[in-house]
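Structural overview for review
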Amino acid sequence: MEARVMTPFTYFSLPMQKQFLANQQAIQGKPYADFFRSKISVPLSAVEKIQQGPMPLAAWDHFKASIALLSSRHSPSLNTTFTLNGSALSKESPR
């Protein structure tokens, strides 16, 4: 099996930056907080795909199905839903 070439992922859209800050606060004091990192490495092939521009709208059907599955299986006690905000998947609490 060929090893993946990894590269730092350095661009984060504004919705992703806001979600990162919210997540960072939400996990403070949790046993797994040390694993939350701002430095992310991704496969070079993923960066190359991002550079090619947005996916065709038809390709989003797969992601919409995944979001629906996540939303249907979340714990009702968490009282959250998942939404697609631009190109970022975010978790929202009902108002």
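A quick note: this is a predicted structure, and the numbers were derived from the prediction, not measured.

A word on the overall build of the protein chain
Each helix and strand in the protein chain was counted, giving 3 helices and 4 strands. When the helices and strands of the protein chain are read in sequence order from the N terminus, they spell out β-α-β-α-α-β-β. Going through the 95 residues of the protein chain one by one, you find that 13% of them count as buried. Once local pairs closer than 6 in sequence are excluded, the contacts in the protein chain between residues at least 24 apart make up 45%. For the protein chain, the exposed area adds up to about 8200 Å²; of that, 59% sits on carbon and sulfur atoms.

Examining the packing of aromatic side chains
In this description, an aromatic ring pair is defined by two values, namely the gap between the centres and the angle between the planes. Within the structure shown, the criterion is met by 2 aromatic pairs. Both rings, one in phenylalanine 20 and one in phenylalanine 36, keep their centres 5.0 Å apart while their planes meet at 20 degrees; by these two values the pair is stacked. With phenylalanine 20 in helix α1 (residues 14-26) and phenylalanine 36 in the loop between α1 and β2 (40-43), this residue pair connects regions lying 16 residues apart in the sequence. When its relative accessible area of 29% is taken as the criterion, phenylalanine 36 is described as partly exposed.

Focus on the confidence of the model for the protein chain
The predicted model of the protein chain averages 79 in pLDDT, with 74% of residues at 70 or higher. At the level of individual helices and strands, the protein chain shows its lowest average pLDDT in strand β4 (residues 88-92), which scores 56, and its highest in α1, which scores 92.

Brief notes about the environment of alanine 46
When you line up the elements, alanine 46 lands in helix α2 (residues 44-51). When the C-alpha positions of alanine 46 and threonine 7 are compared, they lie 9.5 Å apart, and in sequence the two are 39 residues distant.

Cut-off values and rules
Chains are numbered independently. Their residues run from 1 in the order of the written sequence. Under the rules for a predicted model, residues below a pLDDT of 70 receive no local features and side-chain atom pairs below 80 are neither given nor counted, while totals for whole chains, interfaces and linings still include all residues. Excluded from the side-chain calculation are hydrogens and water; included are all heavy atoms of the structure. By the criteria applied, helices consist of DSSP H or I runs no shorter than four residues and strands consist of E runs no shorter than two, each listed in order from the N terminus. Any residue under 20% of the maximum accessible area for its type is buried, any over 50% is exposed, and the rest in between are partly exposed; the area is computed with a 1.4 Å probe on protein chains only. By definition, residues are in contact when any of their heavy atoms lie within 4.5 Å. Each accessible area value is a Shrake-Rupley result obtained with a 1.4 Å probe; residue values ignore everything except the protein chains displayed when judging cover. A pair of aromatic rings is counted whenever rings of Phe, Tyr or Trp (Trp by its six-membered ring) have centres within 6.5 Å, and the orientation is called stacked for planes under 30 degrees apart, edge-to-face for over 60 and tilted otherwise. For every residue, the predictor assigns a confidence score, pLDDT, that lies between 0 and 100.

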